[in-house]
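Residue-level listing of the chains:
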Amino acid sequence: MRCLTVICLLLVVAAVRPAPKKAWRLQGFAQGTTWHITYYSTDSILSFQSIDSTLQQLDSSLSIYKPYSRISRFNDASDCIESDIHLSNVVEAALQTYAATNGIFDITIYPVVQAWGFGTKKVTELPDSFMIQQLRACVNSRYLSFRGSRLCKQQPCVKIDVNGIAQGYSVDVLADLLEQRGITDYIIELGGEIRLRGRKYPGGEKMQIGIEAPGDNEFQPAMLQQVIAPGDGAITTSGSYRKFYESDGKKITHIIDARTGYPVQNQLISVTVLAKKAITADAYDNALMAMGLKQAFAFLQHHPELEAYFIYRKQDGSIADTGTAGFEKWKIVE
Amino acid sequence: MSRRTFLRQAGILSGGLLLHHQLMAAYSSRLRQTINIGFIGCGDRGRGLLHVMKDLPEQFKVTAICDILDFRLAQMQKEVSDDVKTYKDHRQLLEDTNVDAVIIATPLNMHYPIAAHALAAGKHVFLEKTMTYNISEAQQLVALSKKHAKQVLQVGHQYRYVPLYFRVKEMIEKGYLGKVTHIDCRWDRNWNWRRPVPDGYTDKQVNWRMYKAYSGGLVAELLSHQIDFVNWAFNTHPDEVMGTGGIDFYKDGRETYDNVQVVLRYNQGNMIGNFGATCANAREGYIFKLKGTKGTVSLLVNEGVFYPEPATRKELQTVDGVSGATKIEWNTDGGIPILKEKGKDGTWYALKDFHKCITEKQIPASNVITGATTAVCVHLANDAAYAHSVRQWKPAFNFST
């Protein structure tokens, strides 16, 4: 009898033990780049469609490349428009970052970015100092405000570009979607911006993230500089080594210092930021790029919620890297 | 594979989009000097080269054009400025002191005699592929070029200048594909490969590719590109060439095969290369696949995809994500696109190299030695195909500078 009970119990245990988790992968194109999602669960519980439509929805709100988007309508408007949840979330986060960085990160920089040829239109010649000065009259996040659900600008010429933060935000929106479905082990990547949680199954290993760096010179292909296993959180990278063009022997990078209106020229090649949320990491990676190494480290001392890893060019032209103490802990040593 | 190796290898796939800069750096001259160009041969390829050259006005100025066919000359004349001189006889063009270098884009049988005249006349030469009509001409041109060492002789095998193919060579050299044992190439079409013959001209004048006296047919005109690439990428040549073919569909009086298959055996390289073309099916069109123990590269003219073998795939996926401006992108069919930015046409870089070699007195990447090696391959392949037999490489075909 006892034997039978044990057998019955074993059978019950076998019946209720869940099937092992395994990897499910989805991928697609959005926001001018690719996205990949790997999640670990016993069954497929997420459709390509649900991700794709979420990303399309984000695009209709935040893309300056879509003339009908909420952000384009704001840029075309002379004062206020009815905002939506995504635009409000992103602008609010951007205003917080604006304050925290003393104006280095500023989404109203858009007219200047466009003048440098990194907007939606191509430019035939580079802006001169007079033009930059004129355009800067429209650059200041203080010109933005919310009136209830309406987003307003103080001057009609104020235009915003949330490219520096929207991808990170989109990754967070996707993470929320996964978590709503009860998924607790996943990695989401959109255009190199990453959010991850949990572990890989069936083995239960930690997830590993490679951080890309340029080669020793600009004619070399990029390579992975570091591999880290950061646990739950977000990772984004901002770099001057890919999106740039050359004019009269000068590198014009897409990262514009909002305080000056000129492309950032310092020793930093790329900054990788780790934070709890991707929108935070994404907002600060460009700001840290603009600060330069010394100021960035000083800034990070007051922001324990951020960890960062820098690749920079030394005075002698060689490439070196350094990271915050927190970052060093995540590194996987060979 | 150690992590370090992986990191390096992932790099070539995830990035490397600065290849245009890489090629620019390799093929740009430090010297500002405009070279006066004479075109000999104003057919499709000649005009194609002219269009690319118009993109390089600082490097080249067209001063003369020549074709024995009036309608060809008239076509080209419309596309150049009025002060460009026209000639019907290439020897007269070669006497023109306002010509520094010539582009030879004529039927294959005329490549050698015109190139020889041009070298004798002191001109630099850009000679279209295939370099020569037969082996003895290849040998003679090598000897002749050595006598005129100060003049540049470049051969129009532009795969050596196409960013995509450049990258694939790099992948091969870095062991990315593992050991490549098999190469499959096709260049198929479903039409007669003829051009319309204007009134007053003969079929042989316009459709010279159909006649053995003028052309090496599909092998010389098309497959020679891939044959040359294999020679270049693996730094080798075949040791044994088998061939077959026929005039199997277009029984329209042509002499060169409309359906051909050659198999090249590379003993040193431990490889087999299959090169085939038909005029009677277009389903696969262009195929170029390099199959190695670690993966396959599948190439189109401007696109390439790397398909890792299962073990390699596992190694490439040792990280779960990559943060950075670019990253490895997997296709839905399990491949990794090799080059996301296409760069310019190979001919553009080839002409840059021509300019650089003239101004800086260097030897081009596609030169008389490499051109001769491929010309021998093409000739052996045609010889084997027409005889339905096997041809062996001989020590006399090993050219060196």
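Please read these numbers as outputs of a predicted model, since none were measured by experiment. (Residues numbered from 1 in each chain as written. Chains lettered and ligands numbered in written order. Predicted model: local features only at pLDDT ≥ 70, side-chain atom pairs only at ≥ 80, totals over all residues. Heavy atoms only, no water.)

**Some words on the overall build of chain A**
Stated precisely, the cut-off is as follows: Only DSSP runs of H or I with at least four residues qualify as helices, and only runs of E with at least two residues qualify as strands; both kinds are numbered from the N terminus onward. Exposure is judged per residue with a 1.4 Å probe applied to protein chains only, and the accessible area is read against the type maximum: over 50% gives exposed, under 20% gives buried, and values in between give partly exposed. We call two residues in contact when some of their heavy atoms are within 4.5 Å. Residue burial considers only the protein chains on display, and all accessible areas are found by Shrake-Rupley using a 1.4 Å probe.
Within chain A one finds ten helices and 17 strands. Here chain A, with 334 residues, has 54% of them falling under the buried criterion. For chain A, restricting intrachain contacts to residue pairs at least 6 apart in sequence, the fraction spanning at least 24 positions comes to 59%. Within the structure as shown, chain A displays about 16000 Å² of accessible surface, and the carbon and sulfur contribution to it stands at 53%.

**Digging into the overall build of chain B**
A count of helices and strands for chain B gives 13 helices and 16 strands. Relative to its 401 residues, chain B shows a buried fraction of 59%. Nonlocal contacts in chain B, meaning residues at least 24 apart in sequence, comprise 72% of its contacts between residues at least 6 apart. When the accessible surface of chain B is summed, it comes to about 16200 Å², and 49% of that surface belongs to carbon and sulfur atoms.

**Looking at the sheet that holds strand β4 (residues 101-104) of chain B**
Paired through their backbone hydrogen bonds, the strands of a sheet run either parallel or antiparallel. Residues and elements named next belong to chain B. Formally: DSSP bridges decide pairing: two strands pair if at least two such bridges lie between them. Axis definition: a line fit to C-alpha positions, over the contact stretch in the case of helices; interaxial angles, taken between N-to-C directions, run 0 to 180 degrees.
Across the sheet, which stays open at both edges, the six strands sit in the order β3-β2-β1-β4-β5-β6 with parallel pairing between neighbours. Edge positions in the sheet fall to β3 (85-87) and β6 (153-155), since each has one partner strand and no second. Pairs of neighbouring strands in the sheet enclose a mean axial angle of 25°, with direction left out of account. By the bridge criterion, four bridges tie β4 to strand β5 (residues 124-127) in an arrangement that is parallel. Looking at β5, one finds that Ile 103 is bridged to Phe 126. Relative to the sheet, helix α4 (residues 70-77) contacts β1 (35-40), β2 (60-66) and β3, its axis offset from that of β2 by approximately 155°.

**Some points on the sheet that holds strand β17 (residues 319-323) of chain A**
All names here are of chain A. The sheet built from eight strands is open, its strands ordered β1-β2-β6-β7-β10-β15-β16-β17 with antiparallel pairing. With one partner strand each, in any of the chains shown, β1 (22-30) and β17 form the two edges of the open sheet. Here the strands of the sheet are splayed against their neighbours by 10° on average, with no regard to which way each runs. Its contacts with the sheet put helix α7 (residues 163-180) on β2 (33-41), β6 (186-190) and β7 (193-197), and the angle it makes with β6 is roughly 150°.

**A short note on the packing of aromatic side chains**
What characterises a pair of aromatic rings is the spacing of the ring centres plus the angle enclosed by the ring planes. The test is simple: Stacked, edge-to-face and tilted are the three classes for Phe, Tyr and Trp ring pairs, Trp counted by its six-membered ring, which pair at centre distances within 6.5 Å; planes under 30 degrees apart are stacked, over 60 edge-to-face, the rest tilted. Here, a charge over a ring is recorded when the distance from Lys NZ or Arg CZ to the ring centre is within 6 Å and its angle to the ring normal is within 35 degrees.
Scanning the entire structure with this criterion turns up 23 aromatic pairs over all chains. One aromatic cluster in this structure is built from Tyr 159, Tyr 165, Phe 166, Phe 229, Trp 232 and Phe 288 of chain B. Stacked on the ring of Trp 330 of chain A, the Lys or Arg Lys 329 of chain A has its end atom at 5.9 Å from the ring centre. The ring of Trp 348 of chain B carries the charged tip of Lys 344 of chain B above its face, separated from the ring centre by 4.9 Å.

**Describing the packing of helix α2 (residues 48-62) of chain A against helix α4 (residues 85-100) of chain A**
All names here are of chain A. Where we set the bar: Throughout this description, any angle smaller than 35 degrees is read as roughly parallel, any larger than 145 degrees as roughly antiparallel, any in the 65 to 115 degree range as roughly perpendicular, and the remainder as oblique. The sense of a crossing depends on the near helix, which, turned anticlockwise from the far helix by less than a right angle, makes the crossing left-handed and, turned clockwise, makes it right-handed. Classes in brief: Ala, Val, Leu, Ile, Met, Phe, Trp, Tyr, Cys and Pro nonpolar; Asp, Glu, Lys and Arg charged; the others, Gly included, polar.
Contact geometry of α2 with α4 gives a least axis separation of 8 Å together with a crossing angle of 65°. On the basis of the axis angle, α2 is roughly perpendicular to α4. By crossing handedness, the relation of α2 to α4 is classed as right-handed. Where α2 abuts α4, its residues Gln 57, Leu 58, Ser 61 and Leu 62 lie against His 86, Leu 87 and Val 90. Of the residues assigned to the contact of α2 with α4, the class counts are four nonpolar, three polar and no charged.

**What about the state of the cysteines?**
Residue and element names in this part refer to chain A. The line we're drawing: The rule for a disulfide is simple: a pair of cysteine sulfur atoms within 2.5 Å.
Taken as a whole and assessed by the stated rule, the structure comprises two disulfides over all chains. A sulfur-sulfur separation of 2.2 Å characterises the disulfide bridge that pairs Cys 138 with Cys 157. Between Cys 138 and Cys 157 the disulfide shows an S-S torsion of about -110°. By sign, it is left-handed. Here Cys 138, found in the loop between α6 (129-136) and β4 (144-147), pairs with Cys 157, found in the loop between β5 (150-153) and α7; they are 19 residues apart in sequence, far enough to count as distant. In chain A, numbering the disulfide-bonded cysteines from first to last in sequence yields the connectivity 1-3, 2-4.

**A few points about the confidence of the model for chain A**
Basically, it comes down to this: The pLDDT score gives, residue by residue, the confidence of the prediction method on a 0 to 100 scale.
The pLDDT averaged across chain A works out to 85; a share of 86% of its residues lies at or above 70. Note on residues 216-221 of chain A: pLDDT under 50 across the span, and 17 contacts to partners over four residues away in sequence or across chains.

**Quick look at the side chain of Asp 239 of chain B**
Residues and elements named next belong to chain B. Basically, it comes down to this: For the purpose of counting charges, residues Lys and Arg are taken to be positive, whereas Asp and Glu are taken to be negative. His and the chain ends are not included. By convention in these notes, a salt bridge is any Lys or Arg side-chain nitrogen within 4 Å of a carboxyl oxygen on Asp or Glu. Here a polar contact means two N or O atoms within 3.5 Å. Within protein one must be a hydrogen donor candidate and the other an acceptor candidate, and residues neighboring in sequence count only if both atoms are side-chain atoms.
Note on placement: Asp 239 falls in the loop between α10 (217-233) and β8 (240-246). Buried charge without a salt bridge: Asp 239, with Arg 265 as the nearest opposite-charge side chain at an N-O distance of 6.4 Å. A polar contact is formed between the side chain of Asp 239 and the backbone nitrogen of Asn 267, at a distance of 2.6 Å. When residues no more than four places from it in sequence are discounted, the contact partners of Asp 239 are Arg 265, Tyr 266, Asn 267, Gln 268, Arg 391, Gln 392 and Trp 393.

**Some thoughts on helix α8 (residues 163-173) of chain B**
All names here are of chain B. Within α8, ten of the eleven residues are buried, which leaves the element mostly enclosed by the surrounding structure. When α8 is considered as a whole, its buried residues turn out to be Pro 163, Leu 164, Tyr 165, Phe 166, Arg 167, Val 168, Lys 169, Glu 170, Met 171 and Ile 172. Two residues or fewer after α8 comes Gly 175, characterised by a positive phi angle close to 75°.

**Here's the deal with the pattern of salt bridges**
If you walk through the whole model with that rule in mind, you get 25 salt bridges over all chains. With a shortest N-O distance of 3.1 Å, Arg 197 of chain A and Glu 179 of chain A are connected by a salt bridge. Highlighted residues: Arg 197 of chain A in strand β7 and Glu 179 of chain A in helix α7, separated in sequence by 18 residues. Overall, Glu 179 of chain A belongs to the partly exposed group, its relative accessible area being 31%. We note a salt bridge from Glu 128 of chain B to Arg 45 of chain B, for which the minimum N-O separation is 3.0 Å. Of this pair, Glu 128 of chain B sits in the loop between β5 and α7 (135-147) while Arg 45 of chain B is found in helix α3 (residues 44-53), placing the two residues 83 residues apart along the sequence. Residue Arg 45 of chain B is classed as partly exposed on the basis of its relative accessible area of 31%. Through salt bridges with shared partners, one network takes in Asp 44, Arg 47, Glu 79 and Arg 195 of chain B.

**Let's talk about the side chain of Thr 237 of chain A**
Along the polypeptide, Thr 237 of chain A turns up in strand β10 (residues 233-239). Of note is the side chain of Thr 237 of chain A, whose polar atom sits 2.9 Å from the side chain of Thr 272 of chain A.

**Here we look at unusual backbone geometry**
Residue Pro 202 of chain A follows Tyr 201 of chain A across a cis peptide bond; omega there is 15°. Position of Pro 202 of chain A relative to the elements: it lies in the loop between β7 and β8 (209-213). Despite not being glycine, Trp 193 of chain B shows a phi value in the positive range, around 65°. When you line up the elements, Trp 193 of chain B lands in the loop between β7 (180-187) and α9 (203-206).

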